[in-house]
Amino acid sequence: MTDIRLAPAVADAFPDTLIAVVTATGLRGHEDWPATAGALAGLERQLADGTWQPADDNDPRIEAWHTAYRSFGTNPRRIRPSVDALGRRFAKKGALPRINPPVDSYNSVSVRHGLPAGAFDLDRVTGDIDIRYADGNEEFTPLGEPDTVENPKPGEIIYTDTSGVLTRHWNHRDAHRTRVTEDSAHVVFLLETLHAVRDGELLKTAALELRELLAPHAERTAVHYLDPGRSRVAV
């Protein structure tokens, strides 16, 4: 089992944080996922006919993450939260990227609900996962750049295991080592809000939607929640 832990200092700084932890075991990423394909196509149709748009900088869900980024020294106009970057790309291109079915699933849920999402291949994670402030000594290899090594700045919020950083700037970019591919069989997906009072039900709806996309292609799925009152979840 892997524990995912929310550090006390992060919980104190962001006391209304709520993170949905969705797990899938026995995932089959090589088969067709028609519900995920339909979800992506449906969002693209809605964008094209003007009946829906992704959350932008003026949306309170995005504004909250911009404020959080600034609090730990990251410029959110240059280094954007994942949902912000995905929504901007979608609005500009009119299409969402097709990576692989598990990633496409969480991307569709993320952009639909305006919530950051990410995932780790748990078979590539070492030890437990901590959401904490960086001390400046950690190393991070960005997704798609296996020969690059970065050092998060002290005070930046990161996801990290015992081997290195899994996500920089809380939810800006995931690591190459724990990336989710078609071969990933044991995956943890994360959906996040900083305003559980306002957006907690939205987050729970999104988590269940993601689970419904995963379940037909997995042996087991589960949903847990991480917050300052329950700062540890075993997956």
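As shown above, the structure is provided for reference.
Conventions we followed
- Residues numbered from 1 in each chain as written.
- Predicted model: local features only at pLDDT ≥ 70, side-chain atom pairs only at ≥ 80, totals over all residues.
- Heavy atoms only, no water.
- Axes fitted to C-alpha atoms, helices over the stretch in contact; angles between N-to-C directions.
- Helix = DSSP H or I, 4+ residues; strand = E, 2+ residues; numbered from the N terminus.
- Parallel < 35°, antiparallel > 145°, perpendicular 65-115°, else oblique.
- Left-handed = near helix turned anticlockwise from the far one by under 90°.
- Contact = heavy atoms within 4.5 Å.
- Nonpolar A, V, L, I, M, F, W, Y, C, P; charged D, E, K, R; others polar.
- Phe/Tyr/Trp six-rings, centres within 6.5 Å; stacked < 30°, edge-to-face > 60°.
- Buried < 20%, exposed > 50% of the residue type's maximum accessible area, 1.4 Å probe, protein only.
- Lys NZ or Arg CZ within 6 Å of the ring centre and 35° of its normal.
- Pairing = 2+ DSSP bridges.
- Patch = residues over 30% accessible without salt bridge, like charges linked within 9 Å, V, L, I, M, F, W, Y side chains within 5 Å.
- Areas by Shrake-Rupley, 256 points an atom, 1.4 Å probe, with all protein chains shown as cover.
- Salt bridge = Lys/Arg side-chain N within 4 Å of Asp/Glu carboxyl O.
- Lys, Arg positive; Asp, Glu negative; His and termini not counted.
- Charge placed at Lys NZ, Arg CZ, Asp CG, Glu CD.

## Structural notes on the packing of helix H5 (residues 101-113) against helix H6 (residues 196-214)
Next up, step 1: Axis separation between H5 and H6 bottoms out at 10 Å; the angle between their running directions is 155°. Taken together, the axes of H5 and H6 lie roughly antiparallel to each other. Of the two elements, H5 crosses H6, and the hand of that crossing is right-handed. Touching Ser-105, Tyr-106, Ser-108, Val-109, Arg-112 and His-113 of H5 are Leu-202, Thr-205, Ala-206, Glu-209, Leu-210 and Leu-213, all from H6.
Next up, step 2: Residues belonging to the contact of H5 with H6 are distributed by class as follows: six nonpolar, four polar and two charged.

## Points about the packing of aromatic side chains
Next up, step 1: Overall, the coordinates contain six aromatic pairs when judged by the stated rule.
Next up, step 2: Ring geometry for Trp-52 and Phe-90: centres 5.9 Å apart, planes at 45°, overall tilted. Placement of Trp-52 in the loop between helix H2 (34-49) and helix H3 (60-71) and of Phe-90 in helix H4 (residues 82-93) is noted, with a sequence separation of 38 residues between them. Grouping residues by exposure puts Trp-52 and Phe-90 together as buried.
Next up, step 3: Through a chain of ring-to-ring contacts, the aromatic side chains of Phe-14, Trp-65 and Trp-170 assemble into a single cluster.
Next up, step 4: Over the ring of Tyr-225 we find Lys-204; its NZ or CZ atom is 5.8 Å from the centre of that ring.

## Considering the sheet that holds strand E1 (residues 3-6)
Next up, step 1: One open sheet holds the six strands; their spatial order is E7-E6-E5-E4-E1-E10, and the pairing between them is mixed. Whereas interior strands pair on both sides, the edge strands pair on one side only; in this sheet they are strand E7 (173-174) and strand E10 (232-234).
Next up, step 2: With two bridges connecting them, strand E5 (residues 157-160) and strand E6 (residues 165-168) associate as antiparallel partners. By the bridge assignment, Thr-160 is partnered in E6 with Val-165.

## Overview of a positive patch on the surface
Next up, step 1: Side chains of Arg-88, Arg-89, Lys-92 and Lys-93 sit close together on the surface and give a patch of like positive charge.
Next up, step 2: With respect to the helices and strands, the residue Arg-88 is situated in helix H4.
Next up, step 3: By relative accessible area, which is 44% here, Arg-88 ends up partly exposed.

## Notes on the packing of H4 against H5
Next up, step 1: Where H4 contacts H5, the axes come no closer than 10 Å and their chain directions differ by 90°. By the angle between their axes, H4 is roughly perpendicular relative to H5. Contact residues: H4 offers Val-83, Leu-86, Gly-87 and Phe-90, while H5 offers Asn-107, Ser-110 and Val-111.

## Describing the sheet that holds strand E2 (residues 18-25)
Next up, step 1: Overall, antiparallel pairing links the four strands, which are arranged E3-E8-E2-E9 in an open sheet. Across the chains shown, the open sheet's two edge strands, defined by having one partner strand only, are strand E3 (117-121) and strand E9 (220-226). Geometrically, the sheet is characterised by an average inter-axis angle of 20° between neighbouring strands, direction not taken into account.
Next up, step 2: With five bridges connecting them, E3 and strand E8 (residues 186-193) associate as antiparallel partners. From the neighbouring strand, Ala-119 faces E8, where its bridge partner is Phe-189.

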